[in-house]
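As a plain string of letters, each chain reads:
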Amino acid sequence: MARLADYFIVVGYDHEKPGSGEGLGKIIQRFPQKDWDDTPFPQGIELFCQPGGWQLSRERKQPTFFVVVLTDIDSDRHYCSCLTFYEAEINLQGTKKEEIEGEAEVSGLIQPAEVFAPKSLVLVSRLYYPEIFRACLGLIYTVYVDSLNVSLESLIANLCACLVPAAGGSQKLFSLGAGDRQLIQTPLHDSLPVTGTSVALLFQQLGIQNVLSLFCAVLTENKVLFHSASFQRLSDACRALESLMFPLKYSYPYIPILPAQLLEVLSSPTPFIIGVHSVFKTDIHELLDVIIADLDGGTIKIPECIHLSSLPEPLLHQTQSALSLILHPDLEVADHAFPPPRTALSHSKMLDKEVRAVFLRLFAQLFQGYRSCLQLIRIHAEPVIHFHKTAFLGQRGLVENDFLTKVLNGMAFAGFVSERGPPYRSCDLFDELVAFEVERIKVEENSPVKMIKHVRELAEQLFKNENPNPHMAFQKVPRPTEGSHLRVHILPFPKINEARVQELIQENLAKNQNAPPATRVEKKCVVPAGPPVVSIMDKVTTVFNSAQRLEVVRNCISFIFENKILETEKTLPAALRALKGKAARQCLTDELGLHVQQNRAILDHQQFDYIIRMMNCTLQDCSSLEEYNIAAALLPLTSAFYRKLAPGVSQFAYTCVQDHPIWTNQQFWETTFYNAVQEQVRSLYLSAKEDNHAPHLKQKDKLPDNQYQEKTAMDLAAEQLRLWPTLSKLTQQELVQHEESTVFSQAIHFANLMVNLLVPLDTSKNKLLRTSAPGDWESGSNSIVTNSIAGSVAESYDTESGFEDSENNDIANSVVRFITRFIDKVCTESGVTQDHIKSLHCMIPGIVAMHIETLEAVHRESRRLPPIQKPKILRPALLPGEEIVCEGLRVLLDPDGREEATGGLLGGPQLLPAEGALFLTTYRILFRGTPHDQLVGEQTVVRSFPIASITKEKKITMQNQLQQNMQEGLQITSASFQLIKVAFDEEVSPEVVEIFKKQLMKFRYPQSIFSTFAFAAGQTTPQIILPKQKEKNTSFRTFSKTIVKGAKRAGKMTIGRQYLLKKKTGTIVEERVSRPGWNEDDDVSVSDESELPTSTTLKASEKSTMEQLVEKACFRDYQRLGLGTISGSSSRSRPEYFRITASNRMYSLCRSYPGLLVVPQAVQDSSLPRVARCYRHNRLPVVCWKNSRSGTLLLRSGGFHGKGVVGLFKSQNSPQAAPTSSLESSSSIEQEKYLQALLNAVSVHQKLRGNSTLTVRPAFALSPVIM
């Protein structure tokens, strides 16, 4: 029995508060005056009575009624029914006129009859009977407004003392003593929500698509906000949306009516369902992450920043079609030529239940088979159950569906597992539906008639739950006379005699205590398990693992253990390819398990290598989105197979399969641990039942022995939960201790397994724990546990969840930290005592230290094993003039997705993966090797493309298809739609890889175009800008000199900007002396031989080129400005202080300057490259313009080329520091000489023009202009 009303409250307008701003309400009276022990008095009730604010009115308004929901600290809801009416204010002063709505300008005191203040009668209850509450509050108001001869004290006392039976379909007829006759009808199952007509009303207001969007938003934990001009519509809409979530329960803030003073709650970071009045819609549109539904306008607004996940297909289409058939039955026959008579809609209450039945069917399809993914951890004293999310998603075929993933990760589903996980409890409609009706729902997908029939059957059950008795008793509740609220002479609501009410309440409670309690015994039963999980889609997929492929795996394993090496080598590649399928991986674990049972776990070196390769191939596809079954099955095998390295030194398989991220995945360890605990708990009770050692475990009907093995852990748990109340306290304590010791022993076992797989063989490497993110345990957890003690977990986790300590590189500390966090989490959730957890904490560091000490000997002996024979590196055939820059790095060429090379659908040999070497030449990047599959034959695999076509180079970590472990790799893509994807061999160090990448980038982006293969074929790449480096391939330099000399003799050289070949030659050859900086002795400094000769010394082959330069527009412009001449002869008519040089005619001095430059007359061309080296981009100061009247000169240059910090350290540590420093000092001297010559030429030039105002300052010359 429960109280119908916990408190009755009278709330009125507070006149004592200051008049500025919004008005306030205050509690005038409350009954009872003392709080109930089980229900504290709700605080802040005066805010929710007037959600729009306490305001005076100039007219009497109609009484209003709505229901507010308050949630206490224990997540219990209190339904506050508010009936608000307006009464005349007699003693109102003129200072209150600012608060009167629509008040005209008046002076002096306001007449009493012109101002009305709101007053609310509030009924607080933990039960939801809105119509009963409306009738009770309306009756109290009627007695007051119509002045009936009934005591208000007796009404209130009867209301507060009225008791209601628990759910179960019972009725209670009661009266408050004012000539009323009221009936309370309790639902059959209190787990099913009672909605009345609110769901149908919500679809009528917003439509099918909008409601489905809100439904998905709530399930995926988004913020939903309703607004309407009606408070009761807000309350009904929020309740309707929440009821559509059944069997899930909403666990976030739920405020159907939010007061104006609490609008800042809308900025909460947590999800919510909230309703506000439409007068605040201008304030709520600024919210960026809230989905807003307008109940009055029928629209919803989804912000752009929210990605709303939708239901998976085909469920979304089926749900939309079913809702359309129910809400719009005429739609199906709208196009018929002879439509039937108008199809009548179901009455609103039945329509409401039909819509809910569609969503019930939807959840039954979504959660089909969920009980097969429950993992039992503890039975006593309270059931502890874990849900295997990844297995459920994988078997449903919804691994990549973000909607169901978010639902399973949400708080609502955690509560679902907590409430519905135990196998022995009371069942309801959803349990029957998900266990027995899913097949029927699937059959009805293509038959709308059958679907509608099933929906109506479910709707009948939902309707019967709310209305179990069709013949309702006669009800009568007096109502106020029409227009009574407009009467002029109505006295204010009287003050209730509190002592009298309290006395009557005590009398009524005493009567009820003497009456026999009509309590309902909750019926518990074994929850039906239902069929196992099946895929949501009937996909016709190709059978990857045929019987033949499985036979290949079995034969390969048998060859390995029979030591038939030749047969093993032939079948191993095919077996590794077959292991891509799940069935073949399961077959491998089964076969290896059989050999362990036959005591064949000691292997020789060759057998050990083969088994390790197959294990690694099996583990490489186990990811966080799979079920982890394969990795869990391999886990004990890694500690079973081993080989002997030396007397007393054995190497187990786990030391060679550690390079897989699954071993650092918390979800995997959790799931495997809970599976193992479930099996141990099952064995505990199964063995006790079989041996009959415990009398309390006997069954009335003894089953045959073979049926014991068929009993699942859930079946045994249901039986134990049924027997639990009948057991003695001592027996109960024994069972609890047995279960706890079982969990504790498994925790010790898993700590050892984790040490084996997390401590690497070479303790100098700790790649797994560095690359993983064990700190993000809460977000990555796969755990949904029924009695998770969050406080204990958080306390243990937070101690080390902040910044990593300074010993992060210590392998022992990182492994201990990883295992300790795991032990904390699973032991706390499994109910292990804190003493046992602390003992585990003390035990783990010792286990790690002992294991590291053992592995040192294993690592030492394993390095003494003879290396595996590797194929010989094949040298590539080079093009004429092509050189090898980097010698071949031993790599494995991985398939790039093209079927031609992998023997896929197109057939053909299995060319990839191929073993070989990766070469870098001056022209291309090239792989040359042989296929690993020996059945292919002696073929050569060559893949190459030019360096200049490379578009992207990326460092990757990839699976070595041969050794089946993780290796550092490189992926290079080309503009020619080619791809080279290689994994480096273990013998290739990271330093060598970095050198290879640097050389690759150096040739891909050369400093000069002349460094490319097209110009430098057969020559060492010219280095114009870079500092002096060690010269390589001098033989090719000699060869290039011969080519240049031959070209000179033939007179076939062309000097110009366009590098065009005018005559028939095989290659384009450039005369070396035309490029400053190509001297053999010093490739930075310039010899006198490379200086541009004057016109008197130009050869005949070069005169034509000089003539072309002279004809250029820039030369004519220089001549027009009077900036000198290109002639170097001494027969000049007058002295010139600037001259035009052609040293940049090949654009080798500065690529962004023209071919002709104006420099001081005193500067030789041989010093210009050294001067240019001191400026950015070689842009040395040159004259570019002169004012013809004033003679003012304009110079251009780049910024000074300063050395960075890295360059300073490199120059200090490099072995060529001395030559480089001398070169830099010479460049600095040349720069000073050049600037001085420039200043002298400018000053003399100005004096000759008659301008003596120029002051020669270094600052003038040292101010570069970037042009």
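As shown above, the structure is provided for reference.
Note that the structure is a prediction, hence the values are computed from the model and not measured.

A. Region of the structure containing the pattern of salt bridges. Per the counting criterion, the structure on display carries 36 salt bridges. Between Lys353 and Asp352 there is a salt bridge; the shortest N-O distance is 3.2 Å. Look at Lys353 and you get buried, because its relative accessible area is 0%. The exposure class assigned to Asp352 is buried, which follows from its relative accessible area of 0%. A salt bridge links Arg420 to Asp431; its shortest N-O distance comes to 3.2 Å. On the criterion of sequence distance, the pair formed by Arg420 in helix α12 (residues 411–420) and Asp431 in helix α13 (residues 429–436) is long-range, its members being eleven residues apart. Overall, the relative accessible area of 2% leaves Arg420 in the buried class. Classification of Asp431 by relative accessible area gives buried; the value is 1%. Ionic contacts of the salt-bridge type, sharing partners, join the residues Arg361, Glu437, Arg440, Glu444 and Glu457 into one network.

B. View of the sheet that holds strand β5 (residues 77–88). The five strands are arranged β3-β2-β6-β5-β4 in an open sheet whose pairing can be described as antiparallel. The outermost strands of the open sheet, each flanked by one partner alone, are β3 (25–31) and β4 (64–71). Direction aside, neighbouring strands of the sheet carry axes that sit 25° apart on average. Its contacts with the sheet place helix α2 (residues 130–145) against β2 (7–13), β4, β5 and β6 (116–125), and it is angled at close to 25° to β5. Against the sheet, helix α6 (residues 231–243) contacts β4 and β5, and its axis sits at roughly 45° relative to β4.

C. Quick look at the side chain of Asp14. Within the fold, Asp14 resides in the loop between β2 and β3. Buried within the structure, Asp14 lacks any salt-bridge partner; Lys26 is the closest side chain of opposite charge, at an N-O distance of 4.1 Å. The residues touching Asp14, leaving out its near neighbours within four places in the chain, are Leu24, Gly25 and Lys26.

D. Structural view of the pairing of strand β12 (residues 273–277). Summarising burial for β12: five of the five residues are buried, a large majority. Side chains Ile273, Gly275 and His277 project from β12 onto one buried face, and the interleaved Ile274 and Val276 project onto a second face that is buried too. Of the strand pairs in this sheet, strand β10 (residues 223–228) and β12 are connected by five bridges, and their pairing is parallel. Pairing of Ser228 across the sheet is with His277, part of β12. Where strand β11 (residues 254–255) lies against β12, two bridges are found, and the strand directions are parallel. Across the sheet, residue Ile255 finds its bridge partner in β12, namely Ile274.

E. Examining the sheet that holds β12 more closely. Spatially, five strands are ordered β11-β12-β10-β13-β14 in an open sheet, and the strand pairing comes out mixed. Edge positions in the sheet fall to β11 and β14 (299–301), since each has one partner strand and no second. As judged from the three bridges shared by strand β13 (residues 290–294) and β14, these two strands associate in the antiparallel manner. Bridge pairing in β14 places Ala293 opposite Ile300.

F. Seen up close, the nonpolar core. Core analysis: the biggest nonpolar cluster contains 252 residues, and Phe226, Phe367, Met614 and Trp669 have the highest contact counts within it. Looking at this core, the element that brings in the most residues is helix α25 (residues 729–758), giving eleven residues. If we skip the residues at most four places from it in the chain, Trp669 touches Leu635, Ile662, Trp663, Thr664, Phe750, Leu753, Met754, Leu757, Phe818 and Phe822. Grouped together as the second largest cluster of nonpolar side chains are 31 residues, Leu1121, Val1159, Val1163 and Ala1241 included.

G. Here's a closer look at the packing of aromatic side chains. Inspection of the entire model under this criterion finds 33 aromatic pairs. Between Phe85 and Tyr144, the ring centres sit 5.5 Å apart and the planes meet at 40°, which makes this aromatic pair tilted. A residue pair is termed long-range when its members are at least 10 positions apart, and Phe85 in strand β5 and Tyr144 in helix α2 qualify at 59 residues. You can call Phe85 buried: its relative accessible area is 1%. For Tyr144, a relative accessible area of 10% corresponds to the buried category. Members of the aromatic cluster, connected to one another through ring pairs, are Phe203, Phe215, Phe359, Phe363, Phe367, Tyr370, Phe387, Phe392, Phe413, Phe416 and Phe430. Here the basic side chain of Arg3 rests over the ring of Trp36, its NZ or CZ set 4.1 Å away from the ring centre. The cationic tip of Arg30 hangs over the ring face of Phe41; the distance from NZ or CZ to the ring centre is 4.2 Å.

H. Just α12, in detail. Those residues of α12 that sit buried are Ala412, Phe413, Phe416, Val417 and Arg420. The buried residues of α12 occupy an angular sector of 140° when projected down its axis, which confines them to one face. In this fold, the buried residues of α12 make contact with β15 (374–378), β16 (384–387), α11 (402–409), β17 (424–425) and α13.

I. Highlighting the packing of helix α4 (residues 198–206) against helix α5 (residues 208–219). Remark: α4 packs on α5, axes separated minimally by 7 Å, with the N-to-C direction vectors making an angle of 115°. Within the contact between the two elements, α4 uses Leu202, Phe203 and Leu206 and α5 uses Ile208, Asn210, Val211 and Leu214. A per-class count over the contact of α4 with α5 returns six nonpolar, one polar and no charged.

J. Fine view of the environment of Lys524. Relative to the assigned elements, Lys524 resides in the loop between α16 (498–514) and β18 (525–526). With sequence-adjacent residues up to four places away left out, Lys524 is seen in contact with Tyr424, Arg425 and Ser426.

K. Representation of unusual backbone geometry. With an omega dihedral of -10°, the bond running from Phe31 to Pro32 counts as a cis peptide bond. Along the polypeptide, Pro32 turns up in the loop between β3 and α1 (45–49). Note the cis peptide between Glu313 and Pro314, where omega equals 5°. Relative to the elements of secondary structure, Pro314 occurs in the loop between β14 and α8 (315–327). We note that Ser75 has phi near 65°; this positive angle belongs to a residue other than glycine. Relative to the helices and strands, Ser75 is located in the loop between β4 and β5. Owing to a relative accessible area of 59%, Ser75 belongs among the exposed residues under this scheme. Even without being a glycine, His1177 presents a positive backbone phi close to 55°. Structurally, the position occupied by His1177 is in the loop between α36 (1168–1172) and β30 (1182–1186).

Cut-offs applied
- Residues numbered from 1 in each chain as written.
- Predicted model: local features only at pLDDT ≥ 70, side-chain atom pairs only at ≥ 80, totals over all residues.
- Heavy atoms only, no water.
- Salt bridge = Lys/Arg side-chain N within 4 Å of Asp/Glu carboxyl O.
- Buried < 20%, exposed > 50% of the residue type's maximum accessible area, 1.4 Å probe, protein only.
- Helix = DSSP H or I, 4+ residues; strand = E, 2+ residues; numbered from the N terminus.
- Pairing = 2+ DSSP bridges.
- Axes fitted to C-alpha atoms, helices over the stretch in contact; angles between N-to-C directions.
- Contact = heavy atoms within 4.5 Å.
- Lys, Arg positive; Asp, Glu negative; His and termini not counted.
- Core = buried A, V, L, I, M, F, W, Y, C linked by side-chain atoms within 4.5 Å.
- Phe/Tyr/Trp six-rings, centres within 6.5 Å; stacked < 30°, edge-to-face > 60°.
- Lys NZ or Arg CZ within 6 Å of the ring centre and 35° of its normal.
- Arc of directions from axis to C-beta.
- Nonpolar A, V, L, I, M, F, W, Y, C, P; charged D, E, K, R; others polar.

Note that all results are geometric; they support no functional claim without further evidence.
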